[in-house]
Amino acid sequence: MPSRTCLAIILAAGEGTRMRSQMPKVLHALGGRSLLGHAIVASRAAGSDDLAIVVGPGHEAVKADACTYAPKAQIFEQHERRGTAHAVLAAREAIARHVDDVVVMFGDTPLVRAETLSKLRGALANGAAVAVLGFEPADPTGYGRLLMRGNELAAIREERDATDEERKIALCNGGLMALDRKQALAILDRIGNANAKGEYYLSDAVTVARDMGLTAVAIETPEDDVRGINTKLQLAEAEAVLQQRLRMAALEAGVTIVAPETVYLSADTKFGKDVTIEPHVVFGPGVSVEDGATIRSFSHLEGAHVGKGARVGPFARLRPGTDLGKEVHIGNFVEVKEATIEAGAKANHLTYIGDARIGEGANIGAGTITCNYDGVAKHRTDIGKGAFIGSNSALVAPIKVGDGAYVGTGTVLTRDVPAGALAIARAKQTVKEGWAKRLRQVKALGKNLAGKKRKKS
Ligand code: UD1
Ligand code: MG
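Residues numbered from 1 in each chain as written. Chains lettered and ligands numbered in written order. Predicted model: local features only at pLDDT ≥ 70, side-chain atom pairs only at ≥ 80, totals over all residues. Heavy atoms only, no water.

**Description of the overall build of the protein chain**
As a reminder, the rule being used: Strands are runs of DSSP state E lasting at least two residues, helices are runs of H or I lasting at least four, and both sets are numbered from the N terminus onward. The atom set for the radius of gyration is the C-alpha atoms, and the globule formula is 2.2 Å times the number of residues raised to the power 0.38. Burial status follows relative accessibility: with a 1.4 Å probe on protein chains alone, a residue under 20% of its type maximum counts as buried, one over 50% as exposed, and anything between as partly exposed. By the convention used here, residues are in contact when the closest approach between their heavy atoms is within 4.5 Å. Here the open area of atoms and residues is found with the Shrake-Rupley method and a 1.4 Å probe, where only the protein chains shown may cover a residue. Neither His nor the chain ends contribute to the count of charged residues, in which Lys and Arg are positive and Asp and Glu negative. Just so you know, the charge point we use is NZ for Lys, CZ for Arg, CG for Asp and CD for Glu.
Broken down by element type, the protein chain carries 10 helices and 33 strands. Rg of the C-alpha trace for the protein chain: 32 Å, well past the compact-globule value of 23 Å for 457 residues, more than 25% over. Principal-axis analysis of the C-alpha atoms places the extent of the protein chain at approximately 105 × 70 × 40 Å. For the protein chain, buried positions account for 46% of its 457 residues. Sequence separation of 24 or more characterises 43% of the internal contacts of the protein chain that already satisfy a separation of 6 or more. With an accessible surface of roughly 22200 Å², the protein chain has 51% of that area assigned to carbon and sulfur atoms. Across the protein chain, the centroid of the 59 positively charged side chains sits 15 Å from that of the 52 negatively charged ones.

**Some remarks on the packing of aromatic side chains**
What counts, and what does not: Two aromatic rings, drawn from Phe, Tyr or Trp (for Trp, its six-membered ring), form a pair once their centres lie within 6.5 Å of each other, and the interplanar angle then sorts them: stacked below 30 degrees, edge-to-face above 60, tilted otherwise.
All chains considered together, the criterion is met by five aromatic pairs. Between F135 and Y143, the aromatic rings sit 4.9 Å apart at their centres with planes inclined by 85°, giving edge-to-face as the arrangement. Its relative accessible area of 23% is what places Y143 among the partly exposed residues. Measuring from centroid to centroid gives 4.8 Å for F388 and Y406, while their planes differ by 20°, and the two rings are stacked. Remark: Y406 occurs in strand β31 (residues 406-407) and F388 occurs in strand β28 (residues 388-389); sequence separation between them is 18 residues.

**Comments concerning the environment of N195**
Stated formally: Here a polar contact is recorded for every N or O atom pair within 3.5 Å, except that within protein the pair must consist of a potential hydrogen donor and a potential acceptor, and residues adjacent in sequence are included only if both atoms are side-chain atoms.
Looking at the secondary structure, you find N195 in the loop between α7 (181-190) and α8 (205-211). Between the C-alpha atoms of N195 and R160, which are 35 residues apart in sequence, the distance is 8.4 Å. Contact partners of N195, with chain neighbours within four places excluded, come to D161, Y201 and D204. A polar contact is formed between the side chain of N195 and the backbone oxygen of E199, at a distance of 2.7 Å.

**Here we look at the site of ligand 1**
Worth spelling out the cut-off: Distances are taken per atom, and a residue is near a molecule or strand as soon as one of its heavy atoms is within 4 Å of it. Think of it as three bins: nonpolar holds Ala, Val, Leu, Ile, Met, Phe, Trp, Tyr, Cys and Pro, charged holds Asp, Glu, Lys and Arg, and polar takes everything else, Gly as well.
Not every one of the 20 residues close to ligand 1 is listed here, only the nearest: G14, Q78, T84, E158 and N173. Contacts to ligand 1 include L11, whose backbone N or O atom sits 3.2 Å from an oxygen atom. In this structure, an oxygen atom belonging to ligand 1 sits 2.6 Å away from a main-chain N or O atom of N173. When the free accessible area of ligand 1 is taken as 760 Å², the share hidden by the protein chains comes to 89%. Broken down by secondary-structure element, the contributors of at least two residues to the shell around ligand 1 are α3 (84-89) and β10 (172-180). A total of three residues in the shell around ligand 1 trace back to one element, the largest contributor, which is β10. Tallied by class, the residues present in the shell around ligand 1 amount to six nonpolar, 10 polar and four charged.

**Observations concerning the packing of helix α1 (residues 35-45) against helix α2 (residues 60-69)**
Threshold: Axis lines are fitted to C-alpha atoms, over the contacting stretch for helices. Their N-to-C directions set the angle, which ranges from 0 to 180 degrees. Here a crossing is called left-handed whenever its near helix is offset anticlockwise from the far helix by less than a right angle, and right-handed whenever the offset is clockwise.
Contact pair α1 / α2: the axes reach a minimum separation of 9 Å and the direction vectors enclose 35°. Considering only the axes of α1 and α2, their crossing is right-handed. Mapping the contact onto sequence places L36, G37, I40 and R44 in α1 and V62, D65, A66 and Y69 in α2. Residues belonging to the contact of α1 with α2 are distributed by class as follows: five nonpolar, one polar and two charged.

**Some words on the side chain of T351**
Positionally, T351 belongs in strand β24 (residues 346-358). When residues no more than four places from it in sequence are discounted, the contact partners of T351 are F333, V334, E335, I364, G365, A366, G367 and T368.

**Side note on the domain arrangement of the protein chain**
Definition in use: Domain limits in this description derive from either an automatic procedure or a database domain assignment. Once two parts are joined, some of their accessible surface, as seen by a 1.4 Å probe, is lost; buried area is that loss totalled over both. When a carboxyl oxygen of Asp or Glu lies within 4 Å of a side-chain nitrogen of Lys or Arg, that pair is called a salt bridge.
If you check the domain split of the protein chain, you get domain 1 (6-226) and domain 2 (232-423). Placing a centre on the C-alpha atoms of domain 1 and another on those of domain 2 gives a separation of 43 Å. If you look at the interface, domain 1 gives 15 residues, while domain 2 gives 13 residues. Taken together, both faces of the contact between domain 1 and domain 2 bury some 1100 Å²; the carbon and sulfur share is 62%. For the pair domain 1 and domain 2, the number of links is one salt bridge. Residue D225 pairs with R245 through a salt bridge whose shortest N-O separation is 3.9 Å. At the junction of domain 1 with domain 2, the criterion picks out four residue pairs in polar contact (both at pLDDT 80 or more). A per-class count over the side of domain 1 that touches domain 2 returns five nonpolar, five polar and five charged.

**Some thoughts on the nonpolar core**
Inclusion rule: Note on terminology: a nonpolar core comprises buried Ala, Val, Leu, Ile, Met, Phe, Trp, Tyr and Cys residues joined through side-chain atoms within 4.5 Å.
The biggest cluster of nonpolar side chains holds 55 residues, and the ones touching the most others in it are F283, V306 and I330. Looking at this core, the elements that each hand over two or more residues are α9 (232-252), β19 (304-306), β21 (316-318), β23 (329-341), β24 and β30 (399-401). Ranked by residue count, the leading element in this core is α9, at six residues. When residues are assigned to domains, this core turns out to be shared by domain 1 (6-226) and domain 2 (232-423), each giving three or more. In this structure V306 touches S288, V289, E290, A293, I295, L301, V312, L318 and L324, once residues within four positions along its chain are discounted.

Written out as structure tokens, the structure is:
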């Protein structure tokens, strides 16, 4: 965007009752990011310099979420829900500050792309006072209709206020709008509430602007950009659209995804070069995968970093705080949480590693468990470079195993092991020659006697 500056206002004072949820609507997630978070990220990508978010009274959780994505955003409260134009005016103070463009976005419209917002702003740069996103939905029920006069937008008619003729119009209001800041307050202040709902409609900015001798235009966009979310079904449909976009972006960036439709990504998933993802992998939020790594089937990752050339899965679970170094191998049924696994270390089978550091090149045998929790607090396990942990060992934390040390198979480790030492803690094995053979003979005798007894009776 050229030199024009921009204030984005995100309306998030919705009730969201049709979501049938205790949680505010804009906090529901798509691709591991809240609906509000998506709107905030899009506003930033479209080059907004300033951000105002309008929330309902007492919406502390919404404010907190807004702060995680935009710590500098100004939060305004709309004390009573009296319509979209009324909500925008809750941010009056922000509009009065000096910017060129005001872009109004909805907190429940998360799929709008930065390029679409930029087009709206482009219309203002070309002289329009109001620019609106238009689209042709598969089902127009509930949307405002765009009344065009030549190339100009004459009015937006909300469905409740529309005539039967007007309801036949296919081109609908996407809801998002850009206003020239110099006229914005004058327009917004003139909007009345003489309509079926008795609300102050932002969509009426169009007729008001025209009455003032200003120009309003519509920019057409695909439906996906302006999908509003009011129900769980719409949330699921939007998730499908987002997943498709994320998969396409990853493929275009050179990630090999064997069966893209089976892989679930988060909006913030990061991939290096030559990464391979096998079918049925889920990436929760906060995952980065470096060059040459392979994520094998049925793995679940969140809050994890996978180093260069590392191999994860099949059936691995990486939980938040996992940091895998270069060439690390994490195999089937291995769970890792809050742990750093240094270059070349391996945990290939059936293991839990939590609150730990595993040194470079260490080998963690099948069935190893770090016992990190004593029922009250979590404790750390530290395993040195090149150490070898025998299969089926339980490491009772806090505990340290020194560089190059050995822990014998089946050990319950409760004391630290110095570097280069062997620790083994298991019952001594007893061997009784011929014992099994004798047992079988005695059992067989017992059976024969019982059989004879039954025949007699
Ligand atoms: C709005 C448009 C409609 C458009 C549709 C697109 C108006 C009057 N209508 O209708 O033309 O086709 O979006 O999806 O603008 N909000 C507040 N405070 C309020 C009212 C709403 O913050 O007092 C917020 C809501 O949380 C939501 C957004 O504004 O994020 C839109 O409100 P909503 O009630 O969903 O408007 P629609 O009826 O969908
Ligand atoms: Mg809506």
